[in-house]
Amino acid sequence: MANVVLGFKASAGDSEPPSRPVLILGQQANLQQVSWNQIRGKLQPVVSKEIWQAALSALNPNPTDSCPLYLNHAVVAALPSRVSRHNSPSSAHFLSRLVRSCLPGGNNRCIVMVCERSDVFASSCAIARVFPIFSRRSTSSRRAEKKHVTVEFLIVGQDNNPLEASELQCLANTADGVRLAARIVDTPCNEMNTDHFLDEIKAVGTELGISPVIIRGEELKQKGFGGIYGVGKASEYPPALAVLSHTPEGATQTIAWVGKGIVYDTGGLSIKGKTTMPGMKRDCGGAAAILGAFKATVKQGFKDNLHAVFCLAENSVGPRATRPDDIHTLYSGKTVEINNTDAEGRLVLADGVVYASKDLSADIILDMATLTGAQGISTGKYHAAVMTNSEQWEGACVRAGRSSGDLAHPLVYCPELHFSEFTSAMADMKNSVADRENAQSSCAGLFIASHLGFDWPGVWVHVDIASPVHAGERATGFGVALLMALFGQASDDSMLKQVSPLGAPTNMSEDHMERDCKRRRLV
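How each quantity is defined
Residues numbered from 1 in each chain as written. Predicted model: local features only at pLDDT ≥ 70, side-chain atom pairs only at ≥ 80, totals over all residues. Heavy atoms only, no water. Salt bridge = Lys/Arg side-chain N within 4 Å of Asp/Glu carboxyl O. Helix = DSSP H or I, 4+ residues; strand = E, 2+ residues; numbered from the N terminus. Buried < 20%, exposed > 50% of the residue type's maximum accessible area, 1.4 Å probe, protein only. Pairing = 2+ DSSP bridges. Expected span 1.5 Å × (residues − 1). Arc of directions from axis to C-beta. Contact = heavy atoms within 4.5 Å. Polar contact = N/O pair within 3.5 Å; in protein donor to acceptor, adjacent residues only side chain to side chain. Patch = residues over 30% accessible without salt bridge, like charges linked within 9 Å, V, L, I, M, F, W, Y side chains within 5 Å. Areas by Shrake-Rupley, 256 points an atom, 1.4 Å probe, with all protein chains shown as cover. 1 Å grid on protein atoms, 1.4 Å probe; cavity = no way out; pocket = protein on both sides within 12 Å on 5 of 7 lines; lining within 4 Å. Points joined across faces, edges and corners; volume = space filled by probe spheres on them. Nonpolar A, V, L, I, M, F, W, Y, C, P; charged D, E, K, R; others polar. Axes fitted to C-alpha atoms, helices over the stretch in contact; angles between N-to-C directions. Parallel < 35°, antiparallel > 145°, perpendicular 65-115°, else oblique. Left-handed = near helix turned anticlockwise from the far one by under 90°.

Undergrad: How do you make sense of the pattern of salt bridges when you look at a structure like this?
TA: Two side chains with opposite charge may pair up if their charged atoms get near one another. Counted by the stated rule, this structure contains 17 salt bridges. In this structure, the salt-bridge partner of Arg 129 is Asp 406, at a minimum N-O distance of 2.5 Å. Placement of the pair is Arg 129 in the loop between helix 5 (120-128) and helix 6 (138-142) and Asp 406 in the loop between helix 14 (391-404) and strand 15 (408-410), with a sequence separation of 277 residues. The exposure class assigned to Arg 129 is buried, which follows from its relative accessible area of 13%. Taking relative accessible area as the criterion, Asp 406 reaches 0% and is therefore assigned buried.

Below, the structure written as structure tokens:
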């Protein structure tokens, strides 16, 4: 899969299956709306109309099903006929599984996706996840030849016009963002330390014409970033805060995405065990998703100020490592007694969100992180855990998850009941809870919010993606599609606007709208 070139076209053209293997998939009701004339160019002469119709009749999805049409060169597959309210109507996870298991082999293949227009965005992201880029298998390095997979959408339903060139470009840029995030997360720390991650940020900046702001090493300590510096100071590769900023003319609000970029997490002196440490290269998943989403979002055109803030560090063991009982002063000015060096993500993010507020004057701050193992217990392997100070944005995150395929579900937001878990006799707070059975994931998010202040007037959203960031041993690129859908209303792109749950209020007077806080414009 590592050497696959993925392309999206309005029409993939005609070719018989032995020359170009094909997978046709969609919900059974949608597949039955496809006429033979629409599909025959990809199946004839080896597949007749009668075989096609017989295959459709034979499909019995429970929850999915597939049927070979011709040897191992052509397959038709059916997605679930219905999903629950907490799943995506696109059946994105089932779609990824079907592509992995049913797409025929070959160097030049075609996927025909049959769906309604509202499911195109989520379906394209689900397909992109199937084709990871990173590999160090010796056989893959010897294969210079690229494999091509072309995706064509057949739109059914009321708005069934073919996709326009601008829509196809949006799908291509989003897929690139998903695959970029997955590649960074899949790459081990000996090839993706903080130096390398900064190179990735610089490369995106160069492509977009943006020069990153980078604060690194001892400069972090001098400027008061005690969280990022304290976590990363023991590593051979210095910690860093890096910022990419998109500031178009006419912007009416400022949005900041803050990503946790722990390139490897040993746990520090509160060290992880031999079974829990493998896989900790993925602890940069939040920062990777924000980088992929920022790249794709800016390419599609974004009307408001957008800052991507990367909190980069390696949580290492060494003579300079932070010790339990140490007290650090974070960028907020608040002091934190360290009682668990393996609760490091909240420390770097606390510095990041406060920087977004104080230095970037952000109206909306979203932090994304592989923050807690408890997230998987709270919301499972497929749904990110969302916490926010805004009920409207809580609902918007859930809806954006359904429209993008990057599912999300709320955590409890109740600082008056939960923040006492961090009580310290020596400092303003500890960094880890007293009772690990009391809403761990919620408490971790509250730690970050406390440095902004629970009375901060802007919108704060926290997204914990610890479990959805990977499926088995592979990264998923989770978070890219969610961010692009959630903030799609501020995009110039029509497809992103369509999947966005947010919009300007229509029932307010002009004067009222002008007086209302800028943070509400997207709500």
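Past the structure itself, the notes keep going.
Undergrad: Quick question: what am I supposed to make of the pairing of strand 5 (residues 108-116) here?
TA: Regular strands have side chains that alternate between both faces of the sheet. Of all nine residues in strand 5, seven are buried, a share of seventy percent or more. In terms of strand pairing, strand 2 (residues 22-27) meets strand 5 through five bridges, oriented parallel. Directly across from Leu 23, in strand 5, lies its bridge partner Ile 111.

Undergrad: Even after reading the chapter, I still don't get helix 8 (residues 194-208), so can you show me in this structure?
TA: In an α-helix there are 3.6 residues to a turn, and that puts residues three or four apart on one side. Taking 1.5 Å as the rise per residue, helix 8 with 15 residues should run 21 Å; its terminal C-alpha atoms sit 21 Å apart, in good agreement. Those residues of helix 8 that fall on the buried side of the exposure criterion are Thr 194, Phe 197, Leu 198, Glu 200, Ile 201, Val 204, Gly 205 and Leu 208. Down the axis of helix 8, the smallest arc covering the buried residues is 155 degrees, so these residues share one side. Where helix 8 is buried, its residues contact helix 7 (165-186), strand 7 (213-216), strand 8 (240-246), strand 9 (254-265), helix 11 (285-300) and strand 10 (305-315). By the N-cap criterion, in which a side-chain oxygen at the helix start approaches the backbone nitrogen of a residue two or three places on, helix 8 is capped by Asn 193, the distance to Asp 195 being 2.9 Å.

Undergrad: What should I look at first to understand a nonpolar patch on the surface in this one?
TA: The grouping of Leu 269, Ile 271 and Val 317 at the surface amounts to a nonpolar patch, some 260 Å² of accessible area in total. Looking at the element boundaries, Val 317 is found in the loop between strand 10 and strand 11 (327-329).

Undergrad: Before we go on, may I ask you to explain empty space enclosed by the protein in this structure?
TA: It is the rolling of a water-molecule-sized probe over the atoms that shows where space remains empty. Tallied over the full model, the rule gives two cavities of 30 Å³ or more. If you go around the largest cavity, you meet 14 residues; those closest to its centre are Gly 230, Val 231, Asn 315, Thr 322 and Thr 341. Grouping the constituent residues of the lining of the largest cavity by class yields six nonpolar, seven polar and one charged. Space inside the second largest cavity adds up to approximately 50 Å³. Split by residue class, the lining of the second largest cavity holds six nonpolar, two polar and no charged.

Undergrad: Help me understand the packing of helix 7 against helix 8 in this model?
TA: Two quantities define a packed helix pair, namely the angle between the helix axes and the distance between the axes. At a minimum axis distance of 12 Å, the contact between helix 7 and helix 8 shows a crossing angle of 165 degrees. As judged from the angle between their axes, helix 7 and helix 8 are roughly antiparallel. Two packed elements cross with a definite hand, and for helix 7 against helix 8 that hand is right-handed. Contacts from Leu 180, Arg 183 and Ile 184 in helix 7 reach Phe 197, Glu 200 and Val 204 in helix 8.

From the geometry alone we can't say anything about function, so treat these as descriptive.
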